[in-house]
Amino acid sequence: MKIPYKTYLTEEQLPKQWLNIRAFMKEKPAAMIVPSTGKEAGFDDLTPVFCDELVRQELDNTTPYIDIPKEILEYYKMYRPSPLVRAYQLEKALGTPAKIYYKFEGNNTSGSHKLNSAAAQVYYAKQQGLTSLTTETGAGQWGTALSMACAFFEVDLDVYMVKVSYEQKPYRKAVMQTYGADVIPSPSDSTQVGRAILAEHPGTGGSLGCAISEAVEKAVQTDKCRYVLGSVLNQVVLHQSVIGLETKTAMDMLGEYPDLVIGCAGGGSNLGGLVSAYMKDKLTGEGDAHFVAIEPASCPSLTRGKFAYDFCDTGRITPLAKMYTLGSGFMPAPNHAGGLRYHGMSPVLSTLYDGGFMEARSVEQTAVFEAATLFAKYETILPAPESAHAIRVAIDEALACKESGEEKTILFGLTGTGYFDMKAYMSYHNGEMRDYVPTDAELEEGFASLPNVEALGQSAAV
Ligand SMILES: *Cc1c(COP(=O)(O)O)cnc(C)c1O
């Protein structure tokens, strides 16, 4: 069979259920902890912040498949299925015997996979009768995806956008405003935590963790409003399983099974989704793909972080999650341009990594942009810098196959397009881009911000 460049499923072949990988894991991700009591977070602890149905999904470690509501499926049909592409031209340019496939999630206005979870989260908020949502955005992809879903389902939205991005990416902001969102540069003086951070670090460009703190504060203080998050959480990994389910159906049609599955990892949602169906195979003994998470060397949560309970935000107001983390106080170097700058990692992926089901590698940003430029030339798509982390390692693996003569089947996630990242591309072209690898001493500063979980309940009892 001659494998086509692009394989699309039909609408009928779209997954009708999400795959909950936790149901197949022997070792489950640890429960979240409420910082004020030191106790496990249950339904009632989480619903003041998150939508009810999303909390149910967050806590559900046992249901293997969860129905995708009809309304969300209809929304998905407007931009899914996404294509599975055979990278013939890249293979040829590299002279590799390896077969390279990528699943391209950038074919929608938000430019990334984030719309898969945004549509689901906004739908459930609407069902619950909520009238507004808050969130944070860093580079702007999540804010854009959520703005699109909020416009469609008619829910108001406040986006706290990391200040440096707000200033560097005016067009992202304009897209969100086009979809009716209110975009606020963070830290702002509109919240207590924002004012405190501004007082301590005047002139700061902000961080994702800080924007999360502001968005959570606003949500809990506003009637019929909740907070939504675009990565890290179990529910987001669940929604992103559409990526992996579609991929497996398409690969099955081609008679292919990947030896290697490679994805970039910021908070871990696209990778958790991409690996879902093949990881299920691995956990049940039905398959044996090798999984590789790629992160930036300047923000190496899996490769150099600690597996510990930590806050999900810099303001330290969210519940604690057990994950690989650099400490909520960690901030990547200011010259880091390539995204994936979150201090922690999805508890699902962290647990799989800790259990030895996945490998992690870190790459430096100039090598990432070199790979991005090569990929753009031969495959015609301008990749997001985040996605280019996966491209870098896919290329390295394909070149290793050239050396060894192995004909591996390599699958990677091309999570999005990079049209709004041209400042980063420009700094690469100008030769201004520098690699930065934090020293152990610098990482220790971040680890010093890790909470002492045993002491939490006690201080609350005083
Ligand atoms: C947000 C984003 C990522 C990283 O987020 P994950 O939750 O780790 O998937 C990767 N690529 C693109 C294009 C993104 O927008």
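In case you missed it, the structure is sitting above this.
Residues numbered from 1 in each chain as written. Predicted model: local features only at pLDDT ≥ 70, side-chain atom pairs only at ≥ 80, totals over all residues. Heavy atoms only, no water.

Participant: Tell me about the state of the cysteines, residues and numbers included.
Facilitator: One pass over the structure, following the stated rule, counts 0 disulfides. Take Cys-51: it sits in no disulfide, and the sulfur closest to it among the cysteines is that of Cys-225, at 9.3 Å. Assessed through its relative accessible area of 0%, Cys-51 is described here as buried. Lacking any disulfide linkage, Cys-299 is separated from the closest cysteine sulfur, that of Cys-264, by 13 Å. A relative accessible area of 1% places Cys-299 in the buried class. (Disulfide = S-S within 2.5 Å. Buried < 20%, exposed > 50% of the residue type's maximum accessible area, 1.4 Å probe, protein only.)

Participant: Could you give me a rundown of the site of the ligand, with the residues and numbers involved?
Facilitator: With respect to spatial proximity, 17 residues lie near the ligand, and among them Lys-114, Ser-231, Ser-269, Asn-270 and Thr-415 are the closest. In the model, an oxygen atom of the ligand is placed 2.4 Å from a nitrogen or oxygen of the Ser-231 side chain. Look at the ligand: alone it shows 380 Å² of surface, and the protein chains cover 94% of it. By residue class, the composition of the shell around the ligand is 4 nonpolar, 11 polar and 2 charged. (Near = heavy atom within 4 Å. Polar contact = N/O pair within 3.5 Å; in protein donor to acceptor, adjacent residues only side chain to side chain. Areas by Shrake-Rupley, 256 points an atom, 1.4 Å probe, with all protein chains shown as cover. Nonpolar A, V, L, I, M, F, W, Y, C, P; charged D, E, K, R; others polar.)

Participant: Can you tell me about the sheet that holds strand β5 (residues 99-104), naming the residues and giving the values?
Facilitator: Taken in spatial order, the 7 strands make up an open sheet running β1-β4-β5-β15-β10-β11-β14, and their pairing is mixed. In the strand order of this sheet, the two ends are held by β1 (6-7) and β14 (359-363), each with one partner. Contacting β1, β4 (84-86), β5 and β15 (409-414), helix α12 (residues 241-254) runs over the sheet at an angle of about 140° to β5. (Pairing = 2+ DSSP bridges. Helix = DSSP H or I, 4+ residues; strand = E, 2+ residues; numbered from the N terminus. Contact = heavy atoms within 4.5 Å. Axes fitted to C-alpha atoms, helices over the stretch in contact; angles between N-to-C directions.)

Participant: Kindly report on empty space enclosed by the protein, identifying the contributing residues and their values.
Facilitator: One pass over the full model with this rule turns up 6 cavities of 30 Å³ or more. Looking at the largest cavity, the residues that line it are Met-32, Val-49, Phe-50, Ile-212, Val-216, Tyr-227, Leu-229, Leu-233, Cys-312, Thr-318 and Pro-319. Here the lining of the largest cavity is composed, by residue class, of 10 nonpolar, 1 polar and no charged. (1 Å grid on protein atoms, 1.4 Å probe; cavity = no way out; pocket = protein on both sides within 12 Å on 5 of 7 lines; lining within 4 Å. Points joined across faces, edges and corners; volume = space filled by probe spheres on them.)

Participant: Go over the packing of aromatic side chains, please, and point to the residues and values.
Facilitator: All chains considered together, the criterion is met by 18 aromatic pairs. Taking 6.3 Å as the distance between ring centres and 75° as the angle between the ring planes, the aromatic pair formed by Phe-24 and Tyr-65 counts as edge-to-face. One end of the pair, Phe-24, is in the loop between β2 (17-19) and α1 (43-46); the other, Tyr-65, is in strand β3 (residues 65-67), and 41 residues separate them in sequence. By relative accessible area, Tyr-65 is classed as partly exposed at 33%. Here the aromatic rings of Tyr-324 and Tyr-353 are separated by 5.1 Å at their centres, their planes lie at 70°, and the arrangement is edge-to-face. Residue Tyr-324 is found in strand β13 (residues 320-325), and its partner Tyr-353 is found in helix α15 (residues 347-354); the two are separated by 29 residues along the sequence. Joined through ring pairs, the aromatic side chains of Tyr-75, Tyr-76, Tyr-79, Tyr-123, Tyr-124, Phe-152 and Phe-153 make up one cluster. If you follow Lys-2 out to its NZ or CZ, it ends over the ring of Tyr-88, 4.2 Å from the centre. The positively charged end of Lys-173 is found above the aromatic ring belonging to Tyr-166, 3.9 Å away from the centroid. (Phe/Tyr/Trp six-rings, centres within 6.5 Å; stacked < 30°, edge-to-face > 60°. Lys NZ or Arg CZ within 6 Å of the ring centre and 35° of its normal.)

Participant: Residue-level account of the pairing of strand β7 (residues 156-162), with values.
Facilitator: With 6 of 7 residues buried, β7 lies mostly within the body of the structure. Where strand β6 (residues 132-137) lies against β7, 6 bridges are found, and the strand directions are parallel. Among the inter-strand pairings, Ser-132 is bridged to a residue of β7, identified as Asp-156. The β-α-β motif built from β6, the intervening helix α6 (residues 141-153) and the parallel element β7 has right-handed crossover chirality. Of the strand pairs in this sheet, β7 and strand β8 (residues 182-186) are connected by 5 bridges, and their pairing is parallel. (Right-handed = clockwise from strand over helix to strand, strands pointing away.)

Participant: Would you mind going over the pairing of β5 in detail, with residue names and values included?
Facilitator: Of all 6 residues making up β5, 5 are buried, and the element is well covered by its neighbours. As judged from the 3 bridges shared by β4 and β5, these two strands associate in the antiparallel manner. Counterpart to Val-85 in the pairing with β5 is Tyr-102. Here β5 runs beside β15; their pairing, made up of 6 bridges, is parallel. Opposite Lys-99, over in β15, you have Thr-409 as the bridge partner.

Participant: Now, about the sheet that holds β6: what can you tell me, with residues and values included?
Facilitator: Spatially, 4 strands are ordered β8-β7-β6-β9 in an open sheet, and the strand pairing comes out parallel. Since the sheet does not close on itself, it has two edges, and those belong to β8 and β9 (225-227), each with one partner. Looking at each pair of strands side by side, their axes are set apart by 20° on average, direction ignored.

Participant: Can you lay out the layout of surface pockets for me, pointing to particular residues and giving the numbers?
Facilitator: Computed from the structure, the second largest pocket encloses a volume of approximately 260 Å³. Lining the second largest pocket are 13 residues; nearest its centre among them are Ile-197, Glu-200, His-201, Thr-314 and Met-331. The element best represented in the lining of the second largest pocket is helix α9 (residues 192-200), accounting for 4 residues.

Participant: Run through helix α16 (residues 365-379), naming residues and quoting values.
Facilitator: Relative to the 21 Å expected for 15 residues at 1.5 Å per residue, α16 spans 20 Å between its end C-alpha atoms, a close match to the ideal helical length. When we look at burial in α16, the residues that qualify are Gln-365, Val-368, Phe-369, Ala-371, Ala-372, Phe-375 and Glu-379. Summarising the axial view, the buried residues of α16 lie within an arc of 155°, below the 170-degree limit, and thus occupy one face. Within two residues after α16, Thr-380 carries a phi angle of roughly 75°, on the positive side. (Expected span 1.5 Å × (residues − 1). Arc of directions from axis to C-beta.)

Participant: Describe the packing of helix α5 (residues 115-127) against α6, naming the residues involved and giving the relevant values.
Facilitator: Two numbers describe how α5 lies on α6: the axes approach to 8 Å, and their chain directions differ by 40°. In terms of orientation, α5 and α6 fall into the oblique class. Remark: the crossing between α5 and α6 carries right-handed chirality. Facing α5, whose interface residues are Leu-115, Ser-117, Ala-118, Ala-119, Gln-121, Val-122, Tyr-123 and Lys-126, α6 presents Trp-142, Ala-145, Leu-146, Met-148, Ala-149, Cys-150 and Phe-153. (Parallel < 35°, antiparallel > 145°, perpendicular 65-115°, else oblique. Left-handed = near helix turned anticlockwise from the far one by under 90°.)

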